[in-house]
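# Structure assessment
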Amino acid sequence: MPKVGMEPLRRKALIDAAISAIGERGSLNVTMSEIAGRAGVSSALAHHYFGAKDELLLATMRHILAELTTDMRRALQSAATPRERVSAVVAVNFSDIQFQPETIAAWLAFYVEAQKSPALRRLLRVYARRLHSNLMSGLTGILPRAEADRAAEATAAMIDGLYIRRALKDGVPDAATAIALVEDYLETKLGERRKQ
């Protein structure tokens, strides 16, 4: 008889193990058995909770997005000005939780897989819309809408690009440098606007 309350814990353990396995491998080319072993459960139990590996990978992406959304809401609630909102969005994307080697590798693997998987593509579109919307929530208080839209698009591209660059390097991710690069762009963009 299964222990009451264990399912959420085991699901979370399987999702964490999936992130770890994907991060180590650098691709989605991992097996349910490998993920289950890392989570300390049987392969049969992993299949019981998630069915096919694709469902576990989808749940893993949803988990990463849910963590990002929770952190983003918290950060945006404490931002007092439009400029602080923009900086909060940037900082959350490079937080200690998000900007870890395993999570970075998982993001890249999901981007690649989204070219073939409509479900992952849909989740990445949701992420992209949320990122754009969160950036616009601050930028429209600073720039005219059309300029804010371009700045949000460029900032989002920099964030995604810095994840790709980070994935190609060895060593510990340097969030402070990533944040500084994006903030330098924003200050240049906003400084140009102030001069006009």
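A quick note: this is a predicted structure, and the numbers were derived from the prediction, not measured.

## A look at the UniProt feature "domain: HTH tetR-type" (unreviewed entry) in the protein
Taking the numbering used here, the UniProt-annotated feature "domain: HTH tetR-type" (unreviewed entry) corresponds to residues 8-68. Between the first and last C-alpha atoms of residues 8-68 the distance is 19 Å; the span itself is 82% helix and 0% strand.

## A word on helix α1 (residues 6-25)
Here α1 contains 20 residues, and its C-alpha end-to-end distance of 28 Å stays within 8% of the 28 Å for a straight helix at 1.5 Å per residue. Here α1 has its buried residues at Leu14, Ile15, Ala17, Ala18, Ile19, Ala21 and Ile22. Its buried side turned inward, α1 meets α2 (32-39), α3 (43-50), α4 (53-77) and α6 (101-113). Once α1 finishes, Gly26 follows within two positions and takes phi at roughly 80 degrees, a positive value.

## Section: helix α8 (residues 145-167)
With 23 residues, α8 should cover 33 Å at 1.5 Å per step; its first-to-last C-alpha distance of 33 Å lies within 8% of that length. Every buried residue of α8 is listed here: Glu147, Ala148, Ala151, Ala152, Thr155, Ala156, Ile159, Leu162, Tyr163 and Arg166.

## A short note on the packing of aromatic side chains
Applying the stated rule across the entire model yields five aromatic pairs. Grouping aromatic residues by their ring pairs yields a cluster made of Phe94, Phe99 and Tyr163. Directly above the aromatic system of Phe50 lies the positively charged group of Arg11, at a separation of 4.8 Å from the ring centroid.

## Observations concerning the UniProt feature "DNA-binding region" (unreviewed entry) in the protein
The UniProt feature table records "DNA-binding region" (unreviewed entry) at residues 31-50. Between the first and last C-alpha atoms of residues 31-50 the distance is 13 Å; the span itself is 80% helix and 0% strand.

## Some details on a positive patch on the surface
A surface patch of like charges, here positive, comprises Arg62, Arg73, Arg122, Arg125, Arg129 and Arg130. With four residues, helix α7 (residues 118-139) is the largest single contributor of residues to the positive patch. Looking at where Arg73 falls in the secondary structure, it is placed in helix α4. Residue class for Arg73 comes out exposed when judged on its relative accessible area of 56%.

## Regarding the environment of Leu57
Within the secondary structure, Leu57 sits in helix α4. C-alpha of Leu57 to C-alpha of Val92: the two residues are 35 residues apart in sequence and 23 Å apart in space.

## Let's talk about the pattern of salt bridges
Note that side chains of opposite charge can pair when their charged atoms are close. Across all of its chains, the model carries nine salt bridges by this definition. Here Arg11 and Glu7 are joined by a salt bridge, their closest N and O atoms 2.9 Å apart. One end of the pair is Arg11 and the other is Glu7, both in helix α1 and four residues apart, which spans about a single turn. Judged by relative accessible area, Arg11 falls into the partly exposed class, the value being 27%. Glu7 sits in the partly exposed class, given a relative accessible area of 37%. Among the ionic contacts, a cluster of salt bridges with common partners joins Glu24, Arg25, Glu34 and Arg38.

## Description of the environment of Thr31
Locating Thr31 in the fold gives a position in the loop between α1 and α2. Along the chain, Thr31 and Glu183 lie 152 residues apart, while their C-alpha atoms are 40 Å from each other.

## Here's the deal with the packing of helix α5 (residues 82-93) against α7
In helix packing, the relevant descriptors are the interaxial angle and the interaxial distance, both defined with respect to the helix axes. At their nearest, the axes of α5 and α7 sit 6 Å apart, and the two run at 150 degrees to each other. Accordingly, the angle class assigned to the pair α5 and α7 is roughly antiparallel. Counted together, Pro82, Arg85, Val86, Val89 and Asn93 of α5 and Tyr127, Leu131, Asn134, Leu135, Ser137, Gly138 and Leu139 of α7 form the full contact between these two elements. For the contact of α5 with α7, the per-class residue count stands at seven nonpolar, four polar and one charged.

## Considerations on the environment of Asp170
One can find Asp170 in the loop between α8 and α9 (175-195). The exposed category is assigned to Asp170, whose relative accessible area is 77%. Taking C-alpha positions, Asp170 is 9.2 Å from Pro101, a pair spaced 69 residues apart along the chain.

Scoring rules and cut-offs
Residues numbered from 1 in each chain as written. Predicted model: local features only at pLDDT ≥ 70, side-chain atom pairs only at ≥ 80, totals over all residues. Heavy atoms only, no water. UniProt positions renumbered as here; feature names shortened; annotations may be inferred. Helix = DSSP H or I, 4+ residues; strand = E, 2+ residues; numbered from the N terminus. Expected span 1.5 Å × (residues − 1). Buried < 20%, exposed > 50% of the residue type's maximum accessible area, 1.4 Å probe, protein only. Contact = heavy atoms within 4.5 Å. Phe/Tyr/Trp six-rings, centres within 6.5 Å; stacked < 30°, edge-to-face > 60°. Lys NZ or Arg CZ within 6 Å of the ring centre and 35° of its normal. Patch = residues over 30% accessible without salt bridge, like charges linked within 9 Å, V, L, I, M, F, W, Y side chains within 5 Å. Areas by Shrake-Rupley, 256 points an atom, 1.4 Å probe, with all protein chains shown as cover. Salt bridge = Lys/Arg side-chain N within 4 Å of Asp/Glu carboxyl O. Lys, Arg positive; Asp, Glu negative; His and termini not counted. Charge placed at Lys NZ, Arg CZ, Asp CG, Glu CD. Axes fitted to C-alpha atoms, helices over the stretch in contact; angles between N-to-C directions. Parallel < 35°, antiparallel > 145°, perpendicular 65-115°, else oblique. Nonpolar A, V, L, I, M, F, W, Y, C, P; charged D, E, K, R; others polar.

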